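Overview (structure and organization)
Chain residues, written in single-letter form:
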Amino acid sequence: MMLQDGSTQLLCLTASSGVPLFTRGASKQLPFSVIGSLNGVHMFGGGQEVVLSSCETEGGGKVVWRVFQDSVMLIAVSGGGHRAPGSSKEEEVCLQRLLENVWNCMVLVLGQDELVNVRNVERLKRDLRSCFSLIDQLLEEKQEGILGTLTHCADSLVPPNPSLLQEAVDGFAQAADSEFGCLIVHGRIATATEKWWRLAPQEVVLLSALIRSLSDSGSASCDYPVFLPQGSPTVAHRLLRFQLLPGADVCVLCGPTPSLHRAETGLVGRFWSPLVETLRDCLAVGERCLPGSVSLRPGVLALLLINRETRRSVSCVRTPPHHPLGDSPSLSKARCWELLKLFYIFSISRYFTQEETPCVSPEERAQRGNSEDFLLGFSHQPQQCYLVTEECKSYGLQTAQHQLFLLLSPSVPTFALRTAATQTLSDITAATGF
Amino acid sequence: MSARGDASELASFTADMAQVPPPGSVVVSDWHRCKDSKEYFSKVLHKKRRKNFGLLESPVMPPHVAVDTVHYKIFISGKSGVGKTALAARLAGLNIPNMHHETTGIETTVVYWPVKLRESGRVLFFRLQLWDCGENALRRFDHLLPSCKEQVDAVLFLFSFTDRTSFDDLSNQIAKWTESSVGRVVKLVVGTKFDLFMHCDVSQRDVRDFQETWSLPVLRTGGEVSDGLGDVAPLLNCLSENLWHQDCVTAGPAGQRSQQETVTVL
């Protein structure tokens, strides 16, 4: 096998000449000859007017190719090994999304021009290093409870006192000559200006990832030039970020003014000092993402709720898990997150059609074609699905407005899953208006 | 304040450079080791690690020992890969990134550092905001450098002991910050990666010569981060001392830093 089990390696080459630009992920790099061959076989396909988009290796590994803007080729190679048989389709969905996210993140940091009009490969190589911290974050996905890079929905947190925070974000952004502002708590969007939600969903997700990585470093404030992959791929905006309290960051996207120094000394205290306690309440919501007013049924281990209209999601894993009958061995938090992710991928790749986003890749569209063929086999559009395994029971449910993915304890009777899911959905939406 | 009278000792100074006070003449060096500093340092520590303060927070002392906080902006200058981000993290007691990543914009880090003035025995919290910006980003985006220079109080010039060119480039860098347009700023030189003596590219003699030519304090950093304050105290004390000294010189003999002096109670 080329790679160790479970690891993913990312290769980036120039599309025209196949010069390697960088590789990330996996501790052991693929030999140069293998990288060359992977590029070669794709080029060969190109010569035959065939687009090679993915393939599976004998050992259960997977390779996915994609060329962006005729200039950069990204290849993702996953080691496989740990996967259950038949899950290759799910894995392909993940890798395709990964490539798209990586490309967007390269545009975010460097801008499209620099990537498309390559004048000096050595210089591009050096500049690309600026993207590594963000790309590594995409590859590692080590932060539990952050699903946005997979769902392309913004990971959100529902604050106990939304209107006060909304007012402050709106006022703060306006004072910073910006229409785009957002408050991020524990890496999730607690509130944002209306315009922030009008950014492309992938941009919102990517900006959240960038803000998380900046916030994790413990720095107090930032002034980061960013290119919006869909909205402004060639002109940089400034992302100003201020750490109000550890774990709570406010950001604005703005033009040449105000300077970081001015915004920090003149605006941060004025708008946010009166709200310290409100922010602390918000931090106390923690990784549960939902305020205390929402009580979840016993037996619920984890949930992911997506608002399909606003492209936002909340997710949480219950700790400690409930065992009403006391007979099931408890699942670790990490395993719950993993199962929730797997169930999401399972549901969207087989049953629930995905939202049409403006930036769907041809590969993804082709793939969607396949799943649509599969769906056409049904006389109807599936609205609910469930899966019972030894570890847990899972239930997926979609309405015009929402998608809910629920993990429940194995002790919950299967016939009660549907009721549990519909009630959970109505409980949350009624209490929070999410 | 002291240190102004020692003209004979400091005779070699060039005219446009602020005088450098002899180490320990303005602030008590190694104060973090003294018993009477405990109650102040405990406010910037949490479980033996440095406390991370958000912008809306600051160390809070009990009402009867109200301590003034003085704010300073410090820019970290130096070639790409020299260790600017790592130095900021080290000084703030944050995790030092284990892999080198280019900083693609400005990142600022806040360090609170309690200081005791030698002459008056007065205690102050120095709030040192370190401004770090990747060299590539500075080149690519014109607005970043002016933003770093805006109302800046000090510059740390970094070179790496493992990279000769970063040392040779110091004079250029310093010259840029000595132009009259910049105004008066404290200048310190910091040599990073001092622990990697196997790959050392800059000799002690080079450093001594440099120090004589420029009359600037040169400090060294590198190696494992100890959990105590010992490895950052010399640099933070030196920086605080020079900043305070500059303020006193600017404000005249009755020197008191009047602007920006705040006592934040949250």
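Everything below is about the structure shown above.
Residues numbered from 1 in each chain as written. Chains lettered and ligands numbered in written order. Predicted model: local features only at pLDDT ≥ 70, side-chain atom pairs only at ≥ 80, totals over all residues.

Across the boundary between the two partners, chain B contributes 26 residues, which contact 32 residues of chain A. Counting only elements with at least two residues in the side of chain B that touches chain A, the list comes to β4 (106-116), α3 (135-140) and α4 (144-149) of chain B. Examined bridge by bridge, strand β9 (residues 221-228) of chain A and β4 of chain B share 3 bridges and lie antiparallel to one another. Along β4 of chain B, the bridge assignment pairs Ser221 of chain A with Thr108 of chain B. (Contact = placed C-beta atoms within 7 Å. Helix = DSSP H or I, 4+ residues; strand = E, 2+ residues; numbered from the N terminus. Pairing = 2+ DSSP bridges.)

Attention now moves to the sheet that holds strand β13 (residues 312-317) of chain A. Paired through their backbone hydrogen bonds, the strands of a sheet run either parallel or antiparallel. Residues and elements named next belong to chain A. Strand order in this open sheet of 6 strands is β6-β13-β12-β16-β15-β14, and the pairing throughout is mixed. The open sheet has two edge strands with one neighbour each: β6 (154-155) and β14 (384-388). With 7 bridges joining them, strand β12 (residues 300-307) and strand β16 (residues 402-408) adopt antiparallel strand pairing. The residue of β16 that forms the bridge with Val300 is Leu408. Set on the sheet, helix α12 (residues 333-350) makes contact with β12, β13, β14, β15 (393-398) and β16; between it and β16 the angle comes to about 135°. (Axes fitted to C-alpha atoms, helices over the stretch in contact; angles between N-to-C directions.)

Before going further, it helps to examine the pairing of β16 of chain A. Residue and element names in this part refer to chain A. For β16, the tally of buried residues reaches 6 of 7 residues, placing the bulk of the element in the interior. Examined bridge by bridge, β15 and β16 share 6 bridges and lie antiparallel to one another. Considered in β16, the bridge of Gly396 is made with Phe405. A loop of 3 residues connects β15 with β16, the two strands running antiparallel in sequence. (Buried ≥ 20, exposed ≤ 12 C-beta atoms within 10 Å, placed from the backbone.)

The next thing to look at is the packing of helix α7 (residues 162-175) of chain A against helix α10 (residues 260-272) of chain A. Residues and elements named next belong to chain A. Following both chains from N to C, one finds α7 and α10 inclined at 165°, their axes separated by 10 Å at the closest point. With respect to each other, α7 and α10 are oriented roughly antiparallel. Of the two possible hands of crossing, α7 and α10 adopt the one that is right-handed. Contact residues: α7 offers Ala168, Gly171, Phe172 and Ala175, while α10 offers Leu267, Phe271 and Trp272. Looking at the contact of α7 with α10 residue by residue, the class counts come to 6 nonpolar, 1 polar and no charged. (Parallel < 35°, antiparallel > 145°, perpendicular 65-115°, else oblique. Left-handed = near helix turned anticlockwise from the far one by under 90°. Nonpolar A, V, L, I, M, F, W, Y, C, P; charged D, E, K, R; others polar.)

Let us look at unusual backbone geometry. Residue Pro258 of chain A follows Thr257 of chain A across a cis peptide bond; omega there is -5°. Residue position: Pro258 of chain A is located in the loop between β11 (248-254) and α10. Here the phi dihedral of Glu49 of chain A falls at roughly 60°; this positive angle occurs in a residue that is not glycine. The topology assignment puts Glu49 of chain A in the loop between α1 (32-47) and β3 (54-56). With 6 C-beta atoms counted inside 10 Å, the residue Glu49 of chain A sits in the exposed group. With phi around 60°, Asp30 of chain B is a residue other than glycine that occupies positive phi space.

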